[in-house]
Amino acid sequence: MTSFSAVPFTLKRSSDLWDADGGYESTTETAYGLVRLETDQLVIQWRLAVQTEKMGDTWETNETIEPVREIVIPLAKVAGVAVPPRRWWHIGGPRLVIAASDLLAFEKIAGEQGLKLKHPAKLVLRVKRADRLIAEEFAAELSLAVARLPTDSADNERLAPPARRAVSPGDAELQGGT
């Protein structure tokens, strides 16, 4: 059995809400997840932790942890993957960027029921600095797996140049001479 690497990631989103009475509510959603490559599919698992703080006459904090969710994406729906190079102006840690070739690929994680991503065809996962090499190795493995996918024979025929008939020297004389 071939073993592939898995990359832990986090996604964080927060929102603040002020009401007319001077009350304040802050909600922070943090998704702790794992992305791994299996034989011909990409598996993404995550658990969402939601922390809500309400301030007004009283201070109240609520924390909830949702059960683990999982989506399985066929590699045919993955267009590419990259770990962008380090730049001095990137304050946050490294990112693993997975691009889809089909908008429905990330629908369960990007849609209303999921994590509401900025772009439905691009999954940007924050990775700890210590896991940067693991993310780069994973990106290389995923790129190789996508490149090795069997292609459709109809696509090969459509994209192939027209076949040329081999001409022997004797045939050239027959065609050119009258």
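Below you will find a few notes about this structure. This structure is a prediction, so every number in the text was calculated from the model and none was measured.

Details of the pattern of salt bridges
In this structure the tally under the stated criterion is five salt bridges. The salt bridge involving Glu29 is made with Arg13; its shortest N-O contact spans 2.2 Å. Taken together, the residues Glu29 in strand β2 (residues 24-38) and Arg13 in strand β1 (residues 6-18) connect sequence positions 16 residues apart. Residue class for Arg13 comes out partly exposed when judged on its relative accessible area of 28%.

A closer look at the packing of aromatic side chains
In this structure the tally under the stated criterion is one aromatic pair. Each ring, one from Trp18 and one from Tyr24, has its centre 4.5 Å from the other, and the planes form 45°; the classification is tilted.

Notes on the nonpolar core
By size, the foremost hydrophobic cluster in this structure holds 32 residues, and its most contacted members are Val35, Leu42, Ile44, Leu96, Ile98, Phe106 and Leu142. Every element with two or more residues in this core is listed here: β1, β2, β3 (41-55), β5 (69-74), β6 (78-82), β7 (95-100), β8 (122-126) and α2 (132-147). Examining the composition of this core, we find that six residues originate from one element, α2, more than from any other.

Examining the layout of surface pockets
In this structure, the second largest pocket spans a volume of roughly 200 Å³. Lining of the second largest pocket is provided by eleven residues; of these, Arg86, Gly92, Gly93, Pro94 and Arg132 occupy positions nearest its centre.

What to know about the pairing of β1
Where β1 lies against β2, 13 bridges are found, and the strand directions are antiparallel. The residue of β2 that forms the bridge with Lys12 is Thr30. Counting the residues that bridge the hairpin from β1 to β2 gives five residues, and of these Gly22 lies at a positive phi of roughly 90°.

Things to note about the environment of Val124
You can see Val124 is positioned in strand β8. Residue class for Val124 comes out partly exposed when judged on its relative accessible area of 31%. In sequence terms Val124 and Arg95 are 29 residues apart; their C-alpha atoms lie 6.4 Å from each other. Contacts of Val124, omitting those with residues within four sequence positions, involve Leu11, Arg95, Leu96 and Val97.

Definitions and cut-offs
- Residues numbered from 1 in each chain as written.
- Predicted model: local features only at pLDDT ≥ 70, side-chain atom pairs only at ≥ 80, totals over all residues.
- Heavy atoms only, no water.
- Salt bridge = Lys/Arg side-chain N within 4 Å of Asp/Glu carboxyl O.
- Helix = DSSP H or I, 4+ residues; strand = E, 2+ residues; numbered from the N terminus.
- Buried < 20%, exposed > 50% of the residue type's maximum accessible area, 1.4 Å probe, protein only.
- Phe/Tyr/Trp six-rings, centres within 6.5 Å; stacked < 30°, edge-to-face > 60°.
- Core = buried A, V, L, I, M, F, W, Y, C linked by side-chain atoms within 4.5 Å.
- 1 Å grid on protein atoms, 1.4 Å probe; cavity = no way out; pocket = protein on both sides within 12 Å on 5 of 7 lines; lining within 4 Å.
- Points joined across faces, edges and corners; volume = space filled by probe spheres on them.
- Pairing = 2+ DSSP bridges.
- Contact = heavy atoms within 4.5 Å.

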